[in-house]
Amino acid sequence: MKEITLKEFDGYKYIYGGVCAARGFRAGGVYAGIKKPANDDPNATHKNDLGMIQSDVLCNAAAVYTQNKVKGAPIVVTKQNLAATGGKARAVIVNSKNANTCNADGEQKAQRMCELTAKALGCKPQEVIVASTGVIGQILPIEPIEKAMPMLVMSLCVSNNDAAAEAIMTTDTFPKQVAVEFELDGKACHLGGMAKGSGMIHPNMATTLNFITTDCAVSSEMLQKALSDVVKITYNCLSIDGDQSTNDMVALMSSGMAENDEITAEGADYDTFKQALYIVMMNLTRMLAKDGEGATKLIECTVAGAKDDDTAKVIAKSVICSSLFKAAVFGEDANWGRILCAVGYAEADFDITQVDVSIGSEYAMIEVCKNGAGVEFSEEEAAKALSRDEIYVQISVGNGDGNATAWGCDLTYDYVKINGDYRT
């Protein structure tokens, strides 16, 4: 399994549990048979393709969605549901293998998934968040979901987060989960999430499917504000292949069962909660980048010295989106000219004669460019540094206060292999 190095933050402790780490949440996942194995192979390995998250109480909720003009039917229905309830939810129902997108009966099927969930859990259909991921343009068979619903509900428990995380995977090679514990008003609070995504990932939220739960009491309005802000500096700074999905969503639910004073406005408590949300979403973003389709390396690009954060973000994203640079990282070639090229075509204002670049890993960081010009360095040492599976690019563009980080991965032969026969 690919693993990332979790970054430490004072006052926050990493814990196990993903979406079940927070009080009041259960999760589960089962194999429903939404997409049959090729030739109906009886010996095929069956991975979970239907997942659920349930809360013991009606939660405050918020969500952010893809900006693609072509949107999956689940996006439309979830938006309608959260609007109808004023930002409240009791459960999430999600399937993989089929995106339920560009289908005439898509919304009907998404609504039916909400109805089935509501009936099984004893809540209202409007209190259900629905999501789908997989192949676009194929009719979603509802019968397997109907048949699997009793088994799915039976699977719900506080220790079944792994089954739910597996259920949302498509070409992912490992489940992605992070959870932290922190304190507010003397109360222990928890926030955890799970994500899926390996290909068709590009900035402009959302990116992939992401579900986050917390027992910290936060109003729906402040959940939405925190989520919208943190998305900009995490998922929106992630790119695998430059293709923006139609079904991207991140949903956040708060049970309030930590019993802290509900956060209804900005302030110290809000900042503490928002930092927890950032820690989880940032680490999930890094996991998504490391598990890019066919990827062998995570690329993390940090830009400092810009005139503002937005300028730094544009430059960082330009570098991690460069196919030529991504290919060089795969080849473990310190071809720093490709970094400068990507910096140069970024739509940002800076002085190229003040640009410094270093590239490397935990093995060593190698300075390759100073004041916009190359400097001597050991190609042998650079190759050793680039042989690791987490690669760092550090860029300074001046003396400003702006900084940003973006994440991506290398571009390999396997990316083409995976996407050449994705439907089969």
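Structure: see above.
To keep things clear, this report deals only with the structure shown in the data block. Because the structure is a prediction, the values reported are computed rather than measured. (Residues numbered from 1 in each chain as written. Predicted model: local features only at pLDDT ≥ 70, side-chain atom pairs only at ≥ 80, totals over all residues. Heavy atoms only, no water.)

Some words on helix α7 (residues 309–320)
Logical step 1: Taking 1.5 Å of rise per residue, the 12 residues of α7 would be expected to cover 16 Å, and the 17 Å separating its terminal C-alpha atoms lies within 8% of that figure.
Logical step 2: If you check which residues of α7 are buried, you get T311, A312, K313, I315, A316, K317, S318, V319 and I320.
Logical step 3: The backbone nitrogen of D310 lies 3.3 Å from a side-chain oxygen of the residue at the head of α7, namely D308. (Helix = DSSP H or I, 4+ residues; strand = E, 2+ residues; numbered from the N terminus. Expected span 1.5 Å × (residues − 1). Buried < 20%, exposed > 50% of the residue type's maximum accessible area, 1.4 Å probe, protein only. Polar contact = N/O pair within 3.5 Å; in protein donor to acceptor, adjacent residues only side chain to side chain.)

Some points on the sheet that holds strand β13 (residues 373–374)
Logical step 1: Spatially, β13-β12-β11-β14-β10-β15 is the arrangement adopted by the six strands of the open sheet, whose pairing is mixed. On the outer flanks of this sheet lie β13 and β15 (402–409), each paired with one strand and no other.
Logical step 2: As paired elements, strand β11 (residues 356–360) and strand β12 (residues 365–370) share four bridges and run antiparallel to each other. Bridging from a neighbouring strand, S358 pairs with E367 of β12.
Logical step 3: Of the strands in this sheet, β10 (298–306), β14 (390–396) and β15 are in contact with α7, which crosses β15 at around 20°. (Pairing = 2+ DSSP bridges. Contact = heavy atoms within 4.5 Å. Axes fitted to C-alpha atoms, helices over the stretch in contact; angles between N-to-C directions.)

Digging into the packing of aromatic side chains
Logical step 1: Counted according to the given criterion, the structure contains three aromatic pairs.
Logical step 2: Judged by centre distance (5.8 Å) and plane angle (40°), the rings of Y12 and F182 are tilted. Linking Y12 in the segment before β1 (13–14) with F182 in strand β6 (residues 176–184), this pair joins segments that are 170 residues apart in sequence.
Logical step 3: A relative accessible area of 3% means that F182 is categorised as buried.
Logical step 4: The ring centre of F174 lies 4.5 Å from the NZ or CZ of K176, which sits over that ring. (Phe/Tyr/Trp six-rings, centres within 6.5 Å; stacked < 30°, edge-to-face > 60°. Lys NZ or Arg CZ within 6 Å of the ring centre and 35° of its normal.)

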